[in-house]
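Structure at a glance
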Amino acid sequence: MGELPINPIGRIIKNAGADRVGDDAKKALANFLEEYGDDISTKALLLAKHARRVTVLASDIEMAVKQIE
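Below is a summary of the structure that appears in this document.

**Observations regarding the overall build of the protein**
Helix and strand content of the protein: 3 helices and 0 strands. In the protein, the order of α-helices and β-strands from amino to carboxyl end is α-α-α. The globule rule puts the C-alpha radius of gyration for 69 residues at 11 Å, and the 15 Å found for the protein is more than 25% above it. Each principal axis of the C-alpha distribution contributes one length, and for the protein these read about 45 × 20 × 15 Å. Classification of the 69 residues of the protein by burial places 19% in the buried group. Of the contacts formed within the protein by residues at least 6 apart in sequence, a portion of 39% connects residues at least 24 apart.

**Focus on the packing of helix α1 (residues 6-15) against helix α2 (residues 23-50)**
Viewed as axis vectors pointing N to C, α1 and α2 meet at an angle of 100°, and their least axial separation amounts to 9 Å. It follows that α1 is roughly perpendicular to α2 by the angle criterion. In contact with I6, I9, G10, I12 and I13 of α1, α2 contributes A25, K26, K27, L29, A30 and L33. For the contact of α1 with α2, a count of residues per class yields 8 nonpolar, 1 polar and 2 charged.

**Description of the packing of aromatic side chains**
For the coordinates displayed, the defined rule picks out 1 aromatic pair. When the centroid spacing of 5.8 Å and the interplanar angle of 10° are considered together, the rings of F32 and Y36 count as stacked. Placement of both F32 and Y36 in helix α2 is noted, with a separation of 4 residues, approximately one turn of the helix.

Thresholds applied
Residues numbered from 1 in each chain as written. Predicted model: local features only at pLDDT ≥ 70, side-chain atom pairs only at ≥ 80, totals over all residues. Heavy atoms only, no water. Helix = DSSP H or I, 4+ residues; strand = E, 2+ residues; numbered from the N terminus. Rg over C-alpha atoms; globule rule 2.2 N^0.38 Å. Buried < 20%, exposed > 50% of the residue type's maximum accessible area, 1.4 Å probe, protein only. Contact = heavy atoms within 4.5 Å. Axes fitted to C-alpha atoms, helices over the stretch in contact; angles between N-to-C directions. Parallel < 35°, antiparallel > 145°, perpendicular 65-115°, else oblique. Nonpolar A, V, L, I, M, F, W, Y, C, P; charged D, E, K, R; others polar. Phe/Tyr/Trp six-rings, centres within 6.5 Å; stacked < 30°, edge-to-face > 60°.

Here you go:
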């Protein structure tokens, strides 16, 4: 883990309305987003393979998100 940069994560939280954001909050959100992204990516890859493609498309990502919801 630790692939997402922390500063943009802080901006996401600030854009939601927070005046100040602790480093622990930034790291917690980054970890969650990375785990969620890994799950989506894995499902999207399976969808692409099922369609006999090696390229993951936006539609694969969208469908994977719907499966997770």
